[in-house]
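Reading the structure
Here are the chains, one letter per residue:
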Amino acid sequence: MDLMDCIEFTRRMDDGINPREWGEADLIIVGPSRAGKTPLSFYLGLRGFKVANYPIVIGEDPPPELFEWPEKVIALTIQPERLSFIRQQRMRQFGRSESTYSDINEVRQEINEIERFYKRNPRWFVVDTTNSGLEETAGEIFRHMDMQSGKDNIMPAQMRGFI
């Protein structure tokens, strides 16, 4: 598989787009807004994986395709205080200081509901991104994939050198 194909696929599947094509994905990353889905997706895409990502939004039903490949799903979570801070920073970029999007009580409730949703999907691999960068999060995913496959090295050798 060509690296450019992986990057292009990941671009086309960003933010829940084209769920009918998720079957082609190596991984499907889900999580709340601003938990790091898109940067992680592209980081993995640059390492030879076809990645789709989908934002979990409370009160909205995810596409049914999300449940067709539970072994591909990586579910991101993050501590509410950290997510609230990240969202506050994002809102400031737009010139807004107050928003329910970044309100700590709203964010706590959102994370609680998302984590309950994850528990109803026990085959999903949950990763906490609170205190980890892309490389560390990707490393957790690679270790999980290695354990699932029973192999010592699931990634092509030329790709592992980037981590």
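Before going into details, it helps to say that this report is about the structure given with it. (Residues numbered from 1 in each chain as written. Predicted model: local features only at pLDDT ≥ 70, side-chain atom pairs only at ≥ 80, totals over all residues. Heavy atoms only, no water.)

**Comments concerning the pairing of strand 4 (residues 125-128)**
The condition is simple: Buried, partly exposed and exposed residues are distinguished by accessible area as a fraction of the type maximum, computed with a 1.4 Å probe on protein chains only: under 20%, between the cut-offs, and over 50%, respectively. For helices the rule is a DSSP run of H or I covering at least 4 residues; for strands it is a run of E covering at least 2, with both sets numbered from the N terminus onward. If DSSP finds at least two bridges between two strands, the strands pair.
Because side chains alternate across strand 4, one face comprises the buried residues Phe-125 and Val-127, and the other comprises Val-126 and Asp-128, none of which is buried. As judged from the 4 bridges shared by strand 3 (residues 73-77) and strand 4, these two strands associate in the parallel manner. When the bridges of strand 4 are listed, Leu-76 appears paired with Val-127.

**Considerations on the pattern of salt bridges**
Here is the rule we go by: Put simply, a salt bridge is a Lys or Arg side-chain nitrogen that is within 4 Å of an Asp or Glu carboxyl oxygen.
Evaluation of the coordinates by the stated rule reveals 6 salt bridges. A salt bridge links Arg-11 to Glu-8; its shortest N-O distance comes to 2.4 Å. Here the residue Arg-11 and the residue Glu-8 both occupy positions in helix 1 (residues 3-12), the gap between them amounting to 3 residues, near one helical turn. For Glu-24, the salt bridge goes to Lys-50, with nearest N and O atoms at 3.7 Å. Here Glu-24 is found in the loop between helix 1 and strand 1 (27-31), whereas its partner Lys-50 is found in the loop between helix 2 (37-45) and strand 2 (51-55), with 26 residues between them in sequence.

**Some thoughts on the packing of helix 3 (residues 80-93) against helix 4 (residues 104-119)**
Let me state the cut-off plainly: Helix axes are fitted only over the stretch in contact, all axes being lines through C-alpha atoms; the angle between N-to-C directions runs from 0 to 180 degrees. Angles below 35 degrees are treated as roughly parallel, those above 145 as roughly antiparallel, those between 65 and 115 as roughly perpendicular, and all remaining angles as oblique. Rotating anticlockwise by less than a right angle from the far helix to the near helix defines a left-handed crossing, while the corresponding clockwise rotation defines a right-handed one. Here, residues are in contact when the closest pair of their heavy atoms is within 4.5 Å. Each residue gets one of three labels, nonpolar for Ala, Val, Leu, Ile, Met, Phe, Trp, Tyr, Cys and Pro, charged for Asp, Glu, Lys and Arg, and polar for the others, Gly among them.
Relative to each other, helix 3 and helix 4 sit at 125°, their axes nearing to 9 Å. One way to sum up the angle between helix 3 and helix 4 is to call them oblique. Taken as a pair, helix 3 and helix 4 cross one another with a handedness that is right-handed. Facing Pro-80, Glu-81, Leu-83, Ser-84 and Arg-87 of helix 3, the residues of helix 4 in contact are Ile-104, Val-107, Arg-108, Glu-110 and Ile-111. The residue makeup of the contact of helix 3 with helix 4, split by class, is 5 nonpolar, 1 polar and 4 charged.

**Re the side chain of Ser-99**
Heads up, the rule is: What qualifies as a polar contact is a pair of N or O atoms within 3.5 Å, subject to a donor-acceptor requirement within protein and to the restriction that residues adjacent in sequence count only when both atoms come from side chains.
The residue Ser-99 is located in the loop between helix 3 and helix 4 in this model. Here Tyr-101 takes part through its backbone nitrogen, which lies 3.0 Å from a polar atom of the side chain of Ser-99.

**As for the packing of aromatic side chains**
For any two aromatic rings, the description comes down to two numbers: the centre-to-centre distance and the angle of the planes. Our working rule: Aromatic rings from Phe, Tyr and Trp, with only the six-membered ring used for Trp, were paired whenever their centres fell within 6.5 Å, and each pair was classed as stacked if the ring planes differed by under 30 degrees, edge-to-face if by over 60, and tilted otherwise. Charge over a ring is defined by NZ of Lys or CZ of Arg lying within 6 Å of the ring centre and within 35 degrees of the ring normal.
Across all of its chains, the model carries 7 aromatic pairs by this definition. When the ring of Phe-67 is compared with that of Phe-117, the centres are 6.2 Å apart and the planes differ by 85°; the resulting orientation is edge-to-face. Residue Phe-67 is found in the loop between strand 2 and strand 3, and its partner Phe-117 is found in helix 4; the two are separated by 50 residues along the sequence. Relative to Tyr-118, the ring of Phe-117 has its centre 6.4 Å away and its plane inclined at 45°; by these criteria the two rings are tilted. In this structure, Phe-117 and Tyr-118 share a single accessibility class: buried. By the ring-pair criterion, three or more aromatic residues cluster together here, those being Phe-67, Phe-117, Tyr-118 and Trp-124. In this arrangement the basic side chain of Arg-47 is found over the ring face of Tyr-43, its NZ or CZ atom lying 3.7 Å from the centre.

None of the figures reported here should be taken as evidence of function without further support.
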